[in-house]
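Here are the chains, one letter per residue:
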Amino acid sequence: MLNLRDFEVWFVTGSQHLYGPDTLTAVARHSGEIAAALDAATDIPVRVVPKPVLTRPDEILRLVDEANASETCVGLITWMHTFSPARMWISGLDALRKPFLHLHTQFNREIPWSEIDMDFMNLNQAAHGDREFGFIAARMRLERKVVVGHWADTQVQARIGAWTRAAAARRDWETGKVARFGDNMRDVAVTEGDKLEAQRRLGFTVNGFGVGDLVGSIAEAAETQVDALIATYLAEYDVVPELRPGGQRAESLRDGARIELGLRRFLEEGGFTAFTTTFEDLHGLSQLPGLAVQRLMRDGYGFGAEGDWKTAAFVRAMKVMSAGLPGGVSFMEDYTYHLAESGDLILGAHMLEVCESIAAGRPRLEIHPLSIGGKQDPVRLVFDAHAGPAIAASVVDLGQRFRMVAAVVDVVAPEQPLPRLPVARATWRPRPDLATSAGAWIYAGGSHHTSLGYAITPEHLSDFASMCGTELVLIDENARIDELRSTLRWNDVYYSIARGL
Ligand code: MN
């Protein structure tokens, strides 16, 4: 479903006419060579498209206008091979509505000591050309990423690649649509938020639908479609005997299949990228959607339970950011603690809705009662999440603005089997320790709902938050509570001023 080659970034090189046509020809050739290398780089998942060398303000503005209008361009990579007087860039940068990365590189890797002359110096002068460009970006207080190093180095390409992933997610948010079936869980605070500000600042739209609309879509599922989906379940999961065809509760699985067919159809027809449900509003549904939600998340949809549209959008963003990488992304909730001498752990889960993309092995398809909601027992996939480093992240509404909160964790195998726990779950150790991580999280106001992603790194989220003009509170192995509390206070002032009235 998600293919980042659908997106492109434009490679934009600045220069001027001072050096004559031969130099500009060389600049264009070098620029094309670098763009081709970045396009072919394993670590850069989007296409990198070379653009003509820009030497005049009107050319710069025209290119920015094209980038703003392009449906596939998610950002610009800028580089000043020679010197490009930066007043030429003011109107263009002012008009730019897409993220940009300033690549501070040099075509030639090393100084040719015995041969270097002034022609070489004038061609390979990014060392000061890029500083001129950097100044105007700093003067204009523009959010951007600066990457320094030779363009063929894998570390440089990896940093560019991380930014392109964030830019793709940013674009996906700008065009994203969240469907809500039911409102927020009654009286819950953190899942609330300003949908207008979300649309304006973060980009995606959030709209509610009567659960009756979903029930209507479910009712249209044909029995032949249900048969085919049951066959898919039997092929993909270890289905418990009572749910298998002929089993005592086979009809419950057919109900689950109908819910998946109806929900998927509703989301596809509406062009939605994420959705929410709530156990408080299931009128006309036979059971709380569990299996269906798990499978739709696996296929790339964002999801938030209890009407949590912000987490639904964040799950989607992290799925776009990590598309094509191993590891998976899921809706998650900090559920219960293991406060032990062997080290504190968090057991994360939800009532049902954990994405199978994070499963350690083949999931089991089971049916158990749900103690809340007053509906029939829901079918669900049960598994342990696989081990590995991951990030749990949330976005909260502070009233005047949004804040992203992210914790770096290490998912581990549970110390013992959990035979009586009828839901999918993940066990993790937060960095640097539970006391610091959970303390910082609570000071920052992070949600109990999160998006848990394995291939996501702090760099992805830092780039993404920057593109969204949103604060990111990162809690990692270097976290210190006292520093974090100060940062939260400073950020309150900075982001209030930066936003303006
Ligand atoms: Mn919840």
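Figured I'd write up the structure that's included with this text. (Residues numbered from 1 in each chain as written. Predicted model: local features only at pLDDT ≥ 70, side-chain atom pairs only at ≥ 80, totals over all residues. Heavy atoms only, no water.)

### Concerning the overall build of the protein chain
- Along the backbone of the protein chain there are 15 helices and 19 strands.
- Relative to its length of 501 residues, the protein chain is compact, with a C-alpha radius of gyration of 25 Å against a globular reference of 23 Å.
- By its C-alpha atoms, the protein chain is 85 × 55 × 45 Å across when sized along the principal axes.
- Here the protein chain holds 501 residues, and 55% of them are scored as buried.
- The contacts in the protein chain between residues at least 6 apart in sequence include a share of 79% that link residues at least 24 apart.
- Averaging the locations of the 50 positively and 65 negatively charged side chains of the protein chain gives two centres separated by 2 Å. (Helix = DSSP H or I, 4+ residues; strand = E, 2+ residues; numbered from the N terminus. Rg over C-alpha atoms; globule rule 2.2 N^0.38 Å. Buried < 20%, exposed > 50% of the residue type's maximum accessible area, 1.4 Å probe, protein only. Contact = heavy atoms within 4.5 Å. Lys, Arg positive; Asp, Glu negative; His and termini not counted. Charge placed at Lys NZ, Arg CZ, Asp CG, Glu CD.)

### What to know about the coordination of the manganese ion
- Ligation of the manganese ion by protein atoms is provided by Glu-306 (OE), Glu-333 (OE), His-350 (NE2) and His-449 (NE2), these donors lying 2.1 to 2.6 Å from the ion.
- On the primary sequence, the residues serving as donors to the manganese ion are separated as E-x26-E-x16-H-x98-H. Placement of Glu-333 in strand S11 (residues 329-338) and of His-449 in strand S18 (residues 449-453) is noted, with a sequence separation of 116 residues between them.
- Note on His-449: relative accessible area 0%, which makes it buried. (Donors = N, O, S within 2.8 Å, 3.2 Å for Na, K, Ca; no water.)

### Here's the deal with the sheet that holds strand S8 (residues 238-239)
- Taken in spatial order, the three strands make up an open sheet running S8-S13-S14, and their pairing is mixed. Each of the sheet's edge strands pairs with one partner strand only, and the pair in question is S8 and strand S14 (379-382).
- Strand direction decides the pairing type here: strand S13 (residues 364-367) and S14, joined by four bridges, are antiparallel. Residue pairing for S14: Leu-365 is matched across the bridge by Leu-381.
- Contacting S13 and S14, helix H11 (residues 291-298) crosses the sheet at an angle of about 50 degrees to S14. (Pairing = 2+ DSSP bridges. Axes fitted to C-alpha atoms, helices over the stretch in contact; angles between N-to-C directions.)

### So, the nonpolar core
- Residues Trp-173, Phe-275 and Phe-464 are the most contacted members of the largest nonpolar core, which totals 85 residues.
- At nine residues, helix H12 (residues 309-321) tops the list of elements feeding residues into this core.
- Other than its neighbours up to four places away in sequence, Phe-464 contacts Ala-166, Ala-169, Arg-170, Trp-173, Phe-314, Ala-317, Met-321 and Met-404. (Core = buried A, V, L, I, M, F, W, Y, C linked by side-chain atoms within 4.5 Å.)

### Things to note about the pattern of salt bridges
- With the rule as written, the count across this model stands at 40 salt bridges.
- Here Glu-269 ties to Arg-265 by a salt bridge, and the two come within 3.2 Å at their closest N and O atoms. Of this pair, Glu-269 and Arg-265 both sit in helix H10 (residues 250-270), separated by four residues, roughly a single helical turn.
- Judged by relative accessible area, which is 33%, Arg-265 ranks as partly exposed.
- Among the ionic contacts, a cluster of salt bridges with common partners joins Glu-236, Glu-260, Arg-264, Arg-295, Arg-298, Asp-299 and Glu-356. (Salt bridge = Lys/Arg side-chain N within 4 Å of Asp/Glu carboxyl O.)

### Observations regarding helix H5 (residues 126-139)
- Taking 1.5 Å per residue, 14 residues should reach 20 Å; H5 reaches 19 Å between its end C-alpha atoms and fits that length.
- Those residues of H5 lying buried are Ala-126, Gly-129, Asp-130, Phe-133, Gly-134, Ile-136 and Ala-137. Take H5 and look down its axis: the buried residues cluster within an arc of 165 degrees, on one side only. Residues of H5 that are exposed and point more than 90 degrees away from the buried face comprise Arg-131 and Arg-139.
- In the core, the buried residues of H5 are packed alongside strand S3 (73-79), helix H3 (90-95) and strand S4 (100-104).
- Positioned one or two residues after H5, Arg-141 has a phi angle of 55 degrees, which is positive. (Expected span 1.5 Å × (residues − 1). Arc of directions from axis to C-beta.)

### Some details on the sheet that holds strand S9 (residues 274-276)
- Spatially, four strands are ordered S7-S6-S9-S10 in an open sheet, and the strand pairing comes out parallel. Strands at the two margins of the open sheet, each flanked by one partner only, are strand S7 (205-209) and strand S10 (302-304). Recorded for the sheet is a direction-independent mean angle of 20 degrees between the axes of neighbouring strands.
- Along the sheet face, H10 touches strand S6 (177-181), S7 and S9 and points at about 140 degrees away from the line of S6.

### Describing helix H13 (residues 434-444)
- Buried residues dominate H13, accounting for eight of its eleven residues.
- Turning to H13, its buried residues are Leu-434, Thr-436, Ser-437, Ala-438, Gly-439, Ala-440, Trp-441 and Ala-444.
- Two to three positions downstream of the cap, the backbone nitrogen of Ala-435 sits 3.2 Å from a side-chain oxygen, assigning the N-cap of H13 to Asp-433.
- At the exit of H13 stands Gly-445, carrying a positive phi of roughly 80 degrees. (Polar contact = N/O pair within 3.5 Å; in protein donor to acceptor, adjacent residues only side chain to side chain.)

### A word on the packing of aromatic side chains
- If you walk through the whole model with that rule in mind, you get 18 aromatic pairs.
- Considering the side-chain rings of Phe-100 and Phe-133, the 6.1 Å spacing of their centres and the 80 degrees angle between planes classify their relative orientation as edge-to-face. Separated by 33 residues along the polypeptide, Phe-100 in strand S4 and Phe-133 in helix H5 bring together distant segments of the chain.
- The exposure class assigned to Phe-133 is buried, which follows from its relative accessible area of 0%. (Phe/Tyr/Trp six-rings, centres within 6.5 Å; stacked < 30°, edge-to-face > 60°.)

### Digging into unusual backbone geometry
- Along the chain, Arg-431 connects to Pro-432 via a cis peptide bond; the corresponding omega equals -10 degrees.
- The residue Pro-432 is located in the loop between strand S17 (425-430) and H13 in this model.
- With phi around 55 degrees, Glu-306 is a residue other than glycine that occupies positive phi space.
- Positionally, Glu-306 belongs in the loop between S10 and H12.

Functional significance is not addressed by these values, which are geometric in nature.
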